[in-house]
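Inside the fold
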Amino acid sequence: MKIDGNELAILQNDLDREGKKEEALKIKLEFLRQVSESGDHCPCKEACRHHGNCFECVTIHRGHRDHLPMCLWDMVNERLAALSHITEGTLRAYEDRKAAEGIECGDCSDCPGCGE
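The following refers to the structure shown. (Residues numbered from 1 in each chain as written. Predicted model: local features only at pLDDT ≥ 70, side-chain atom pairs only at ≥ 80, totals over all residues. Heavy atoms only, no water.)

**Some words on the overall build of the protein chain**
For the protein chain, the count of helices and strands is five helices and zero strands. Counted from the first residue to the last, the protein chain has its helices and strands arranged as α-α-α-α-α. Here the protein chain holds 116 residues, and the buried ones make up 10% of them. Put simply, of all contacts in the protein chain between residues at least 6 apart along the chain, 29% involve residues at least 24 apart. (Helix = DSSP H or I, 4+ residues; strand = E, 2+ residues; numbered from the N terminus. Buried < 20%, exposed > 50% of the residue type's maximum accessible area, 1.4 Å probe, protein only. Contact = heavy atoms within 4.5 Å.)

**Observations regarding the side chain of N6**
By the secondary structure assignment, N6 is in the segment before helix 1 (7–17). Residues contacting N6, with those up to four places away along its chain left out, are M1 and F31.

**Some remarks on unusual backbone geometry**
Residues other than glycine seldom take positive phi values, yet R65 does so here, at roughly 50°. Looking at the element boundaries, R65 is found in the loop between helix 3 (54–64) and helix 4 (70–84).

**Concerning the environment of P69**
Tracing the chain through its elements places P69 in the loop between helix 3 and helix 4. What makes P69 buried here is its relative accessible area of 4%. Measuring from C-alpha to C-alpha, the distance between P69 and P43 comes to 9.7 Å, with 26 residues separating the pair along the chain. Apart from residues lying up to four places away in sequence, P69 is in contact with C57, V58 and H61.

**Things to note about the side chain of H61**
Along the chain, H61 turns up in helix 3. By relative accessible area, which is 15% here, H61 ends up buried.

**Side note on helix 1**
Looking at where helix 1 begins, the residue whose side-chain oxygen comes 2.7 Å from the main-chain nitrogen of L8 is N6. G19 occupies a position one or two residues after helix 1 and carries a positive phi of about 85°. (Polar contact = N/O pair within 3.5 Å; in protein donor to acceptor, adjacent residues only side chain to side chain.)

What is shown is where atoms sit, not what they do.
Put into structure tokens, the structure is as follows:
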């Protein structure tokens, strides 16, 4: 089953934005039914005890706040790539330049970025 970019989920979201709440709810429940019946839908290759249990997996990731579950990587990377195009896609060049200067992400002493 295709979860990411699923046509039913997109339709549900569109209907919700149009204020068609009851119709959107029906579509959402149908999408969730199909996901539930589709079996293993977890893209993570790690054999952890939470594999396929989105509630537990996401709760743990929210708790430790260290990184995102693998199932969200494509969506976040898609959004970051689009945002990176604001500066003509130069994020990779920026990261490479900083690495060449010996400044790693998290070393904020010489970084004009976030100011942390």
